[in-house]
Structures are given as C-alpha cells and as structure tokens.
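This is what each chain is made of:
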Amino acid sequence: MTDHTTRGGFVRVLGRLDVLAIAFGAMIGFGWIVLTGGFLEDAGTLGAALAFVLGGTVVALVGLTYAELVSAMPAVGGEHNYALRALGSRPAFITSWTLVLGYVSVVAFEAVALPQTLLYLVPELPAGRLWSIAGYDVYATWVAVGVVGAVVITALNYVGVRPAAVFQGIAVLFLLAVGVLLTIGSFTGGSTANMQPLFSGGLSGLLVVLVATPFLFVGFDVIPQSAEEINLPPRRIGTLLLVSVLLAVTWYVMIMLTVGSGLAPGQRADAELPTADAMSALWNSPAMGTVLVLGGIAGIVTSWNGFLIGASRLLFAMASSGMLPRWFARVHPRFGSPSNAVLFVGGLSVAAPLFGEQMLVWLVDAGSLSIIAAYLMVALSFLVLRRREPEMPRPFRVPAGRTVGVLAIVLSLGTGVLFLPGMPAQLIWPWEWVIVGLWWLAGIVLVLRLPRVGPGADAEDRLIDAVRVGTIADQTRQLFVFLLRRAPDARILVRTTSPTKGSYQCWVAEVSSPGWGPRRLPCPRCRRGRAVPRRPPSR
C-alpha cells in the first residue's frame, strides 16, 4: 500500500481492516455494558432485540445515503461537504455544528464511563469528595481516572491517525474475543426461562429503547470524516460503511439475547453492571465477569478513539471552509494530524468527568437528538443532489435512491420527534436542554457571521472567497477607524475590486470624524470614480 498526501495535508494510510476497526469500534463503545439491563427491563429480551433491529434499519437506510455520498465525495469532513454542495453554506453549518455536538457528546461520555466502569473492578476507587451534582457525589480519584484517560487518547490522536488505527485494531480484536466468549457462555450456561418476559412495557417500552439506538449506532459516519486518509477505491469505502452497520446491529442483538439468557429479571434489576454479572453467571466464574468488564473498557477506548478522529476532522473541514477560525485547520507538520482540533475535543473530554456520573444520561440524550438531526440533513442532501446533479459520478450508487432517501428522512423525523417535550424520550429539564441550548447559542453567533453562499460543486471555493473578502473588509474598516482617530481631517484613497467581475473603481473618501464621510470624489490619479452607497467597500 502506497502512502499518498491529499490536498488537505493528510496522508492516505488507512486500509480495509483499519476502516472496519475504526467504524465498528466507534459504534460499540460502552453503552452495551451499562445500559443493557435497563433496556431488558423496559422492553423485555426480544423487545429490546427488536428495538435494535428497527433502530439498525433506520441507521442502515441513512447509511445507504452516506455510502453513495462518501463514494462520490471522498473528502475530509463528510457531512459538511454533502450539505455544502447540496444546500449551501448556512444549512451546511447547521448540519456540521449539530454533528460536532453529537461527536463531542460521545467523546465526553466515554471520559465519564471509564471511571464508572472501573468501579466494578475497584469498588473503593471513589475518594476525596469534591462536590455534588444532580444528587451524585463527585470524587477526586474518580475524576482523575477520566482525566488521565482523556489525556492518553488525545495524545494518541495527536501523533497521527496511523498509531490511532493500530491501537484501534488491537482493542477491537480483544472486544470481539469477549463477544465470542459471551456467546459461547449463553449456549452452554444460558436459560430460556431467564429471557422471560420476552416483551414488556408494550409500545412505550419498545420506543424507550428505540430512541437510544441512534446514540449507540452512531460511528459509521466516522468513515466519511476521515475519507482523505483512506487508501481504498471510493466504491469500497461505501461498501465498508454498510458492512460496519451490519456488524454493529449483529453485536447489539447478540448482547440483548445473551445477557437476557444469563440473568433473571430480578437479578438484572439488582445488578450494577448486568452484562458483567451475566457473563459471570453463564460461565459460573467471577473472573469471567472481570474479563467482560475489560472488554467494556476496550469498547470505551475504541469509541473514544474513533469519535475523536471524527470530531477533529469535522472541525478541520469547517475551519478550512471558513466556518470556524483557521486555528482549527492546522495540520501538524510532522504527524499529519489536525492537531489543534484534536486538542480542542480532547480538552472537552478532560472536563466531562468533573460533572459526575449523571453526565452519562445527559450526554446520551443530548447527543442522540443532535445525531438524528444531522442524519436528517444528510438524507435531504442526498435527495437534492440526486435531483440537481444526476450525472455526478457515484461509484457506489444506491438502487431506488429516491425511495431510500425519503424513507431515511421520514424515519429520522419520526425518531427526532420522540425527544420533544411530552414524548417518551423527552430531554430532561434543565440539564439536557441547557447542553443543547448553550451549544446552539454559540452556533447562532457563528452562523450569523457566515456569508450566504448557494449550493453547487464550487460552493466551498465560493465560501472561502466570501469569507476572505469579509475579513479584508473588516480589516480595512478597522484601519480607517484607526487613521481617523489619529488624523480626523484625513483624505483616504480607496480602491475597491469586485470579486465577481474583476473590475475596479477608485474614489477619495473625505472624512471629518471616525466613520465614512458624506462625500465620494473621483480619484485625482486616474480620474475615475462614481457615487457609491454610504457603506464600507466589499474589498
């Protein structure tokens, strides 16, 4: 395999197994360890498995749209590029900013999940009480574990995607080995009587599990984020994306069935980590429960690693297009990683453990809503591009594309509605709404400063030009204010150039106060000029 450097400064070093390991590991994470017991209680054994099949169907339909788009536009940033080309600059910002929240919520979730998991192995871990948040005490040693983990994962990604991919592959292999042991244990030591009731909670119980699945399945879209670092044909990238979704659906269904066969409902309700207790019961060995917890830790770091890769590349793409400060678009000259973006996301994960155990629930819900909104925008971009650019090369072309796109939109909307007030999975007030609200308060400030640029194949180039023109205008305005304060009676010669027509007009601005003067006079040098509105020039 030959390394190739892309226009963004990245190196194509990821092969087929690397891509599968990153996507599958990102989708598995830690939720299967801590949330399985609640899922089984809410919906029953088969009900929970059915919810994951339905959730996987929704994600697979969205995944089909991703597969076509990533094969057509294999550039860093994924969804950012699709929405920018299909919908224009501001819808693209909304899509990308929403997805960044979803990715960051997963990264922060894992920083909180790591110390919570270690409690199973080291019950005396909490020491040095710091404070209490939402009724849960926060301890210094507990926070330290999460912070150290965040620093290690951030450092691993800072030194490049290749070391991160190798680490991901090793951790995923261990995770798969644990899954095989759990399955074997279910066949040899499980009981169908423990799986009763097969369904519980009715439709409401099924929906409670269903609305959590987007958060657990998210991760396949890390592949488009790192597309410029994948050394494979575009069609193969799209195929691997769908394979990773299928593998994740199989994993979660297996977890619901095996844990259900290992513990009776009463035992699941009393267990701190039902999945680990089920493993111990199936093998009749407490040591096997410890092995499963180690597998859970492997799931934490694979998800953590995968989403840090995705979030940092998405921030890089937004900054490269002018949507965010250029600081995020720096590529490390030695390691080839988006180093500043990695440090930013890593810094947020360092802060997450300070908010305690309850942060797990808040991040799951807030992140799920954000991810569903991004899926909706991608499906819409898919349909728009199918109609507007039917001849665009698509190495992976989805059959019945219009039907798939419409179904993806309808199912994404239906899932998103379940998070609204009064619905089964409504966001918790005030904490989860505060997370979403503060994120979008910052987003509104940024999007209002963003130039309006229409969709098209050259949308990114036009957006970069528009941002550059706006930056020059701001700098010119600041210069004039400075000069006018120093010399209130100054006569300033201004030459403006239209970025679209390439023409220029010259005039003299007569000013008598820090602002734009009331008169525009022809330039005495070239004798050209015309009256212009009383506002700063565009360039």
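The structure we're discussing is the one just above.
Residues numbered from 1 in each chain as written. Predicted model: local features only at pLDDT ≥ 70, side-chain atom pairs only at ≥ 80, totals over all residues. Heavy atoms only, no water.

Asks: When you look at the overall build of the protein in this model, what are you seeing that I'm missing?
Replies: The secondary structure content of the protein amounts to 20 helices and 5 strands. Put simply, the protein has 539 residues, and 55% of those count as buried. Here the analysis covers contacts within the protein between residues at least 6 apart in sequence; of these, 76% occur between residues at least 24 apart. Of the roughly 22200 Å² that the protein leaves accessible, carbon and sulfur atoms contribute 65%. (Helix = DSSP H or I, 4+ residues; strand = E, 2+ residues; numbered from the N terminus. Buried < 20%, exposed > 50% of the residue type's maximum accessible area, 1.4 Å probe, protein only. Contact = heavy atoms within 4.5 Å. Areas by Shrake-Rupley, 256 points an atom, 1.4 Å probe, with all protein chains shown as cover.)

Asks: It is not clear to me how empty space enclosed by the protein should be interpreted in this structure. Could you clarify?
Replies: To find leftover empty space, a probe the size of one water molecule is rolled over the atoms. The final tally for this structure, using the stated rule, is 3 cavities of 30 Å³ or more. Around the second largest cavity, the lining residues are Leu14, Val19, Ile22, Val222, Ile223, Ser226 and Ile230. (1 Å grid on protein atoms, 1.4 Å probe; cavity = no way out; pocket = protein on both sides within 12 Å on 5 of 7 lines; lining within 4 Å. Points joined across faces, edges and corners; volume = space filled by probe spheres on them.)

Asks: For this particular structure, what's the right way to read the pattern of salt bridges?
Replies: Side chains carrying opposite charge are able to pair once their charged atoms draw close together. Per the stated rule, a full pass over the model turns up 6 salt bridges. Salt-bridge contacts for Arg162 lead to Asp18; the nearest nitrogen and oxygen are separated by 2.6 Å. Of this pair, Arg162 sits in helix H8 (residues 161-189) while Asp18 sits in helix H1 (residues 16-28), and the two are 144 residues apart along the sequence. By relative accessible area, which is 36% here, Arg162 ends up partly exposed. Where salt bridges share partners, they join Glu68, Arg386 and Arg394 into one cluster. (Salt bridge = Lys/Arg side-chain N within 4 Å of Asp/Glu carboxyl O.)

Asks: Got a minute to help me understand helix H18 (residues 401-417) in this structure?
Replies: Since there are 3.6 residues in each turn of an α-helix, residues three or four apart along the chain are aligned in direction. Between its first and last C-alpha, H18 extends 24 Å over 17 residues, near the 24 Å set by a 1.5 Å rise per residue. Of all the residues in H18, the buried ones are Gly401, Val404, Gly405, Ala408, Ile409, Ser412, Thr415 and Gly416. Take H18 and look down its axis: the buried residues cluster within an arc of 140°, on one side only. (Expected span 1.5 Å × (residues − 1). Arc of directions from axis to C-beta.)

Asks: What is the right way to look at the nonpolar core in this model?
Replies: Most often, soluble globular proteins keep nonpolar side chains buried together rather than apart. Ranked by size, the top nonpolar core spans 151 residues in total, and within it Trp32, Phe52, Phe220 and Trp251 carry the most contacts. Apart from the residues within four sequence positions on either side, Phe220 is in contact with Ala23, Met27, Val59, Val62, Gly63, Tyr66, Leu241, Ser244, Val245 and Tyr375. (Core = buried A, V, L, I, M, F, W, Y, C linked by side-chain atoms within 4.5 Å.)

Asks: I would appreciate a short explanation of the side chain of Ser244 in the present structure.
Replies: With respect to the helices, strands and loops of the structure, Ser244 is situated in helix H12 (residues 234-262). A polar contact is formed between the side chain of Ser244 and the backbone oxygen of Leu241, at a distance of 2.6 Å. Apart from the residues within four sequence positions on either side, Ser244 is in contact with Leu20, Ala23, Phe24, Met27, Phe220 and Ile223. (Polar contact = N/O pair within 3.5 Å; in protein donor to acceptor, adjacent residues only side chain to side chain.)

Asks: Would you mind showing me how to read a nonpolar patch on the surface here?
Replies: On the surface, Leu46, Leu50, Val53, Leu54 and Phe199 cluster together into a nonpolar patch covering about 400 Å² of accessible area. Mapped onto the elements, Phe199 comes out in the loop between H8 and helix H9 (202-210). (Patch = residues over 30% accessible without salt bridge, like charges linked within 9 Å, V, L, I, M, F, W, Y side chains within 5 Å.)

Asks: Sorry if this is basic, but what is going on with the packing of helix H4 (residues 45-72) against H12 here?
Replies: Helices that pack against each other are described as a pair by the angle of their axes relative to one another and the distance between those axes. Interaxial distance between H4 and H12 falls to 9 Å at its minimum, and their mutual angle equals 175°. Comparing their axes, H12 and H4 come out roughly antiparallel. The residue inventory of the contact of H4 with H12, partitioned by class, reads 21 nonpolar, 6 polar and 1 charged. (Axes fitted to C-alpha atoms, helices over the stretch in contact; angles between N-to-C directions. Parallel < 35°, antiparallel > 145°, perpendicular 65-115°, else oblique. Nonpolar A, V, L, I, M, F, W, Y, C, P; charged D, E, K, R; others polar.)

Asks: In this structure, what is going on with the pairing of strand S2 (residues 136-139)? I would like to understand it.
Replies: Looking along a regular strand, one sees the side chains alternate between the two faces of the sheet. For strand S1 (residues 129-133) and S2, the ladder comprises 4 bridges, and the chain directions are antiparallel. When the sheet's bridge partners are listed, Ser132 is paired in S2 with Asp137. Linking S1 to S2, which pair antiparallel, is a turn of 2 residues; within it Ala134 sits at a positive phi near 55°. (Pairing = 2+ DSSP bridges.)

Asks: I keep staring at the packing of aromatic side chains and nothing clicks. Help me out?
Replies: Given two aromatic rings, their pairing is described by the distance between the two centres and the angle made by the two planes. Summed over the entire model, instances satisfying the criterion amount to 16 aromatic pairs. The interplanar angle of 90° and the centroid separation of 5.3 Å between the aromatic rings of Trp32 and Trp251 together place this pair among those described as edge-to-face. Here Trp251 lies in helix H12 and Trp32 lies in helix H2 (residues 31-34), a separation of 219 residues in the sequence. Trp251 shares its class with Trp32; the two are buried. With centroids separated by 5.5 Å and ring planes inclined at 85°, the aromatic side chains of Phe217 and Tyr252 adopt a geometry described as edge-to-face. In this pair, Phe217 is assigned in helix H10 (residues 213-217) and Tyr252 in helix H12, connecting sequence segments 35 residues apart. Pair check on accessibility: Phe217 and Tyr252 agree, each one buried. (Phe/Tyr/Trp six-rings, centres within 6.5 Å; stacked < 30°, edge-to-face > 60°.)

Asks: Explain helix H16 (residues 339-351) to me, please; I cannot follow it from the model alone.
Replies: With 13 residues, H16 should cover 18 Å at 1.5 Å per step; its first-to-last C-alpha distance of 19 Å lies within 8% of that length. Along H16, the residues classified as buried are Ser339, Asn340, Ala341, Val342, Val345, Gly346 and Ser349. Lining the buried residues of H16 we find helix H6 (89-121), helix H7 (140-158) and helix H15 (286-320).

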